[in-house]
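Each chain is listed here by its residues.
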Amino acid sequence: MATSAVRGSTFTWAGTDKQGNASKGEIEAVSSSMAKAQLRRQGIKPKSVKKKSKPLFGASGKKIKPMDICIFTRQLSTMMKAGVPLVQSFEIVADGLENPSMGELVHTIKNDVAAGTGLAVSLEKHPKYFDDLFCSLVASGETSGTLEVMLDRVATYKEKTEQLKAKIKKAMTYPIAVVVVALVVTGILLIKVVPQFAETFSSFGSDLPAFTLFVLGISNLAQEWWFIILIGIIGAIFLFKEVKQRSVPFSEFLDKMALKAPIVGDIVFNSVVARFSRTLATTFAAGVPLVEALDSTAGAAGNSVYSKAIKQIRDDVTTGTTLYNAIKSTGLFPNMLLQMVSIGEEAGALDEMLDKVANHYEEAVDNAVDSLSSLMEPIIMSILGVLVGGLMIAMYLPIFMLGSVV
C-alpha cells in the first residue's frame, strides 16, 4: 500500500509484443525506466517510451461522467461473462469507447492489471471515478472467484442509480430552465423595449400611472446597473455552490429543507429510500457483511439526514440489534420498508426484499416526476404571463388612458 501513494506519470510507448507484432499504448509509472520494466514484464519489447505531454489549456478530451463508468462496467461484465480474459476484455472495451478520456483511463487500469495488480487495487488508484463501494464489491468478487457475477451486479446497481439521478434532474431542470428563460426575456424587455416606450411617454406632457412609473424605474435601474446585477447573480450562484461544498452545517440545512419542501420533498424522500434499499441489497447480495454494507450505504445515501440515520443503524446492528429494530428506531423510514426488512430477515432473503422495495420507490419517483412536470406547466405559464404581460400592460396603460381622454 505504500507504493500506491506515489503517483506516477503517464508515458506513451511503442514496441513489439511476444509475437513480434507492432504495438503501442500508454502506461503509468514513476519514471521511463520503470515504464520499460513494466512493459518487459508484460512481454512487450519497448522501442520508445516518452512522457506524455500535458495540454496547454487544461485536460484534453471530454470529462468522464458517471454514465461513462456505468457503460464501462456493463461492457466489462459482458466480456467476462462471455469468457474473454480480463486484460483482453479491457482492450475490447477501450476500443469501443467514444470518450477519449475514458479510453485513457481504461488503458491505464489495463496496464496495471496486466502488470499483476489486482483489479480492485487498480480501481482504487482512481477514487474520483470508482468509489469505495465500487472497489469493495469488485474486491469481494475477486476474493470469491466470481468477478464476472459481481461486475454484473455492480453494473446493474450503477445503471439503476444513474436512472434515478436522471429522473431527479428531470424534475429540477425543467422548471429552473423555464424560470431562467423568463428572467432573461424580462431583462431584455426592460433594457431594450421599455426605453422605446419611455421616449414616447416623454412627449405626453401628463402624469403617468404609478404602475408605469414603477416599471420605468426598474428599467432605468436595469439599464444602468445590468452588468453589476449580472455579476452579482453569477457571484451568488458561485458562492452558494462553494458554501454548500465547504460548510457541513449549511449542506445539512439544505438537505433538511429539501425533505420538507412541498411536492419536491416527496421526490427526495422516495429517492433516498430507493437508493438506501438498492445499495444495501447490492452489497448484502455480494456477500459483504451487514455492518460494512451499512457503512457503504451511508456514504451513498445522498442526504446528510439519512446518512447520519444509517450510521446510527450501523452502530445499533453492531451491538446486536436486529436490522428491523435499528431502522425502526430512527423514525425516518416508511412502514413498507420496515415490513419488507422484517420478512427478509425471517426468511433469509433480505437482499430480495430490499430489491423489491428499491423497485417500488424508483417507480414512485418516476411517477412523481411525471406528475410534477404536468403540474409545473400551468404554473410556469402563469409566471411567464405575469412577468411579460405585466410589462406590456404597464407600457400600454398610458396609451389607453390618453385614448380615453381624447
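Residues numbered from 1 in each chain as written. Predicted model: local features only at pLDDT ≥ 70, side-chain atom pairs only at ≥ 80, totals over all residues. Heavy atoms only, no water.

Turning next to the pattern of salt bridges. Taken as a whole and assessed by the stated rule, the structure comprises 11 salt bridges. A salt bridge links arginine 74 to glutamate 159; the nearest nitrogen and oxygen atoms lie 2.8 Å apart. With arginine 74 in helix H2 (residues 66-81) and glutamate 159 in helix H7 (residues 147-201), this residue pair connects regions lying 85 residues apart in the sequence. Arginine 278 is paired through a salt bridge with aspartate 355; the nearest N and O atoms lie 2.5 Å apart. In this pair, arginine 278 is assigned in helix H10 (residues 264-285) and aspartate 355 in helix H15 (residues 350-405), connecting sequence segments 77 residues apart. For arginine 278, a relative accessible area of 6% puts it in the buried group. For aspartate 355, a relative accessible area of 30% puts it in the partly exposed group. (Salt bridge = Lys/Arg side-chain N within 4 Å of Asp/Glu carboxyl O. Helix = DSSP H or I, 4+ residues; strand = E, 2+ residues; numbered from the N terminus. Buried < 20%, exposed > 50% of the residue type's maximum accessible area, 1.4 Å probe, protein only.)

Once that is clear, we can look at the environment of tryptophan 13. If you trace the backbone, tryptophan 13 turns up in strand E1 (residues 9-16). Judged by relative accessible area, tryptophan 13 falls into the buried class, the value being 6%. Along the backbone, tryptophan 13 and serine 277 are 264 residues apart, and their C-alpha atoms lie at a distance of 46 Å. Leaving out residues up to four positions away in the same chain, tryptophan 13 has contacts with Ser23, Lys24, Gly25, Glu26, Ile27, Leu39, Ile44, Ser48 and Val49. (Contact = heavy atoms within 4.5 Å.)

By the burial criterion, the buried members of helix H11 (residues 290-299) are Leu290, Ala293, Leu294, Thr297 and Ala298. When H11 is viewed along its axis, its buried side chains cluster within an angular range of 140 degrees and face the same direction. (Arc of directions from axis to C-beta.)

Tallied over the full model, the rule gives 8 aromatic pairs. Taken together, a centroid distance of 4.8 Å and an interplanar angle of 45 degrees make the contact between phenylalanine 276 and phenylalanine 333 tilted. Placement of the pair is phenylalanine 276 in helix H10 and phenylalanine 333 in the loop between helix H13 (323-330) and helix H14 (335-347), with a sequence separation of 57 residues. With a relative accessible area of 1%, phenylalanine 276 lands in the buried category. Through a chain of ring-to-ring contacts, three or more aromatic side chains come together here, namely Phe72, Phe90, Phe130 and Phe134. (Phe/Tyr/Trp six-rings, centres within 6.5 Å; stacked < 30°, edge-to-face > 60°.)

Once that is clear, we can look at helix H6 (residues 132-144). If you check H6, its first and last C-alpha atoms are 18 Å apart, about what 13 residues at 1.5 Å a residue would give, namely 18 Å. Every buried residue of H6 is listed here: Leu133, Phe134, Cys135, Leu137, Val138, Ser140 and Gly141. On the buried face of H6, the contacting elements are H2, helix H5 (119-124), H7, H10 and H11. One side-chain oxygen of the residue at the start of H6 lies 2.8 Å from the amide nitrogen of phenylalanine 134, identifying that residue as aspartate 131. Just downstream of H6, glycine 145 is the residue with a positive phi angle, here 75 degrees. (Expected span 1.5 Å × (residues − 1). Polar contact = N/O pair within 3.5 Å; in protein donor to acceptor, adjacent residues only side chain to side chain.)

Moving on to the nonpolar core. With 72 residues, the main nonpolar core has Phe90, Leu119, Phe130, Leu294 and Leu323 as its most contacted residues. Broken down by element, this core gets its largest block of residues, 10 residues, from H15. Leucine 323 has contacts with Leu280, Leu290, Leu294, Ile313, Val317, Val341, Glu345 and Leu350, leaving out every residue within four places of it along the chain. Listed in part, the 12 residues of the second largest apolar core include Leu190, Leu208, Leu391 and Ala394. (Core = buried A, V, L, I, M, F, W, Y, C linked by side-chain atoms within 4.5 Å.)

In this model, the largest pocket occupies a volume close to 2000 Å³. Contributing to the lining of the largest pocket are 50 residues, with Lys165, Lys244, Arg275, Gly302 and Asn303 lying nearest its centre. Counting only elements with at least two residues in the lining of the largest pocket, the list comes to H2, H6, H7, helix H8 (210-246), helix H9 (248-260), H10, H11 and helix H12 (304-318). The element contributing the most residues to the lining of the largest pocket is H7, with 11 residues. Residues that form the lining of the largest pocket fall into these classes: 25 nonpolar, 11 polar and 14 charged. (1 Å grid on protein atoms, 1.4 Å probe; cavity = no way out; pocket = protein on both sides within 12 Å on 5 of 7 lines; lining within 4 Å. Points joined across faces, edges and corners; volume = space filled by probe spheres on them. Nonpolar A, V, L, I, M, F, W, Y, C, P; charged D, E, K, R; others polar.)

For the protein chain, the average pLDDT comes to 81, and 93% of its residues sit at 70 or higher. Model confidence for the protein chain, summarised as mean pLDDT per element, is weakest for strand E2 (residues 22-29) at 75 and strongest for H13 at 92. Note on residues 1-7: pLDDT under 50 across the span, and 3 contacts to partners over four residues away in sequence or across chains. The low-confidence segment residues 55-60 (pLDDT under 50) makes 2 contacts with residues lying over four places distant or belonging to another chain. (pLDDT = per-residue confidence, 0-100.)

It is worth spelling out the environment of serine 271 at this point. Looking at the element boundaries, serine 271 is found in helix H10. Here serine 271 falls in the buried class, since its relative accessible area comes to 3%. Within polar-contact distance, the side chain of serine 271 engages the backbone oxygen of valine 268 at 2.7 Å.

A few words now on the packing of H6 against H7. With their axes 7 Å apart at the nearest point, H6 and H7 run at an angle of 160 degrees to one another. Judged by the angle between their axes, H6 and H7 are roughly antiparallel. Between H6 and H7 lies a crossing of right-handed hand. Listed contacts from H7 to Leu133, Phe134, Leu137, Val138, Ser140, Gly141 and Glu142 of H6 are Leu147, Met150, Leu151, Val154, Tyr157 and Lys158. When the residues that make up the contact of H6 with H7 are grouped by side-chain class, the tally is 9 nonpolar, 2 polar and 2 charged. (Axes fitted to C-alpha atoms, helices over the stretch in contact; angles between N-to-C directions. Parallel < 35°, antiparallel > 145°, perpendicular 65-115°, else oblique. Left-handed = near helix turned anticlockwise from the far one by under 90°.)

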